[in-house]
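# Inside the fold
Okay, here's what each chain looks like letter by letter:
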Amino acid sequence: MVPLAAKPEPVVVDLTQTAVVVVDMQNAFLSKGGMFDLAGFDISGAPPVIEVHQRLLAGARAAGVKVIYLQMTYRPDLSDAGGPSSPNYHKELGMVMMRGRPELAGTLITENTWDWQIVDELVPQAGDRVIQKSRYSGFWGTNLDNYLRSENIRYLLFTGVATNVCVESTARDAFFAEYWPILVEDAMNHSGPDFNRQATLWNFEHAFGWVTNSNKLAQALNADTNR
């Protein structure tokens, strides 16, 4: 058990029961020419978030903390994306863009496309787990909960994109499933105005979990490694 400096107060975590959940660190959301970029979203925050991940994941692996990648994924035939009767069909950005711009059909967050791939700087390593999802929350329609319980994981360190959409959706579901959700704020990038990021952080500090940063997390990981 190690203390992790966080807001609103420190939280004591068992690193043997902890995993980093890396949410949607894909070309779609981080790279020039990816879905967010094509939609006109500001992706200037992507490079520093990738750099934070490189340090954070190396430290987590060295400390024996499991790394789980979530990967937003549609099958090429979109059979898992939901048809016109699904709200996902009408609201999820990739679905909307591929309908509105026929030249993009089959290219956005679709399995085995460049847009779908995890960025080169953060390719999963041996021992990491990759879980594909077709909705904002990593718990919906996936084996994430089964995997976490089979590995006796209780504490979840959330990173990735977008802070206010897929990270928040997954972390909220984690709270309801009796996990301990901890957001690593400088390892996330948001979509839309900055008040979206602020609102997510406020909600987790005050209602759904805890908020820390990569430096505080590194201190906790190093303290355990040096024991």
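Our structure's up above, just so we're on the same page.
Notes on the structure in this doc start here. Since this is a predicted model, take the numbers as computed values, not measurements.

### Considering unusual backbone geometry
Looking along the chain, the bond that leaves K7 and enters P8 is cis, with omega of 10°. For the bond running from V161 to A162, omega is -15°, close enough to zero to count as cis. Relative to the helices and strands, A162 is located in the loop between β6 (155-161) and α7 (163-176). The phi angle at L78 is positive, at roughly 60°, despite the residue not being glycine. Mapping L78 onto the fold places it in the loop between β4 (66-72) and α4 (87-91). Taking relative accessible area as the criterion, L78 reaches 31% and is therefore assigned partly exposed. The phi dihedral of N112 is positive, around 70°, even though this residue is not glycine.

### Concerning the sheet that holds strand β3 (residues 18-23)
One open sheet accounts for six strands, arranged β5-β4-β3-β6-β7-β8; its pairing is parallel. Bordering the open sheet on either side are β5 (129-133) and β8 (210-212), each of which pairs with just one other strand. Between one strand axis and the next, the sheet turns through 25° on average, direction left out of account. Taken together, the five bridges between β3 and β4 define a ladder with parallel strand orientation. Residue pairing across strands places A19 opposite K66, the latter belonging to β4.

### Considerations on the packing of aromatic side chains
Each aromatic ring pair is characterised by the separation of its centres together with the angle its planes make. Within this structure, the stated rule accounts for nine aromatic pairs. Ring geometry for F29 against F36: centres 4.9 Å apart, planes inclined by 85°, an arrangement best described as edge-to-face. Linked through ring pairs, F175, F176, F204 and F208 together constitute an aromatic cluster. Of note, R99 hangs over the ring of Y89, and the distance from its end group to the ring centre comes to 3.8 Å.

### Details of the pattern of salt bridges
This model, assessed by the stated rule, comprises nine salt bridges. A salt bridge links D24 to K133, with the shortest nitrogen-to-oxygen separation between them at 2.9 Å. Taken together, the residues D24 in the loop between β3 and α1 (27-30) and K133 in strand β5 connect sequence positions 109 residues apart. Both residues of the pair, D24 and K133, count as buried. Where R101 meets E103, a salt bridge forms, and the shortest distance between an N and an O atom there is 3.2 Å.

About the criteria used
Residues numbered from 1 in each chain as written. Predicted model: local features only at pLDDT ≥ 70, side-chain atom pairs only at ≥ 80, totals over all residues. Heavy atoms only, no water. Helix = DSSP H or I, 4+ residues; strand = E, 2+ residues; numbered from the N terminus. Buried < 20%, exposed > 50% of the residue type's maximum accessible area, 1.4 Å probe, protein only. Pairing = 2+ DSSP bridges. Axes fitted to C-alpha atoms, helices over the stretch in contact; angles between N-to-C directions. Phe/Tyr/Trp six-rings, centres within 6.5 Å; stacked < 30°, edge-to-face > 60°. Lys NZ or Arg CZ within 6 Å of the ring centre and 35° of its normal. Salt bridge = Lys/Arg side-chain N within 4 Å of Asp/Glu carboxyl O.

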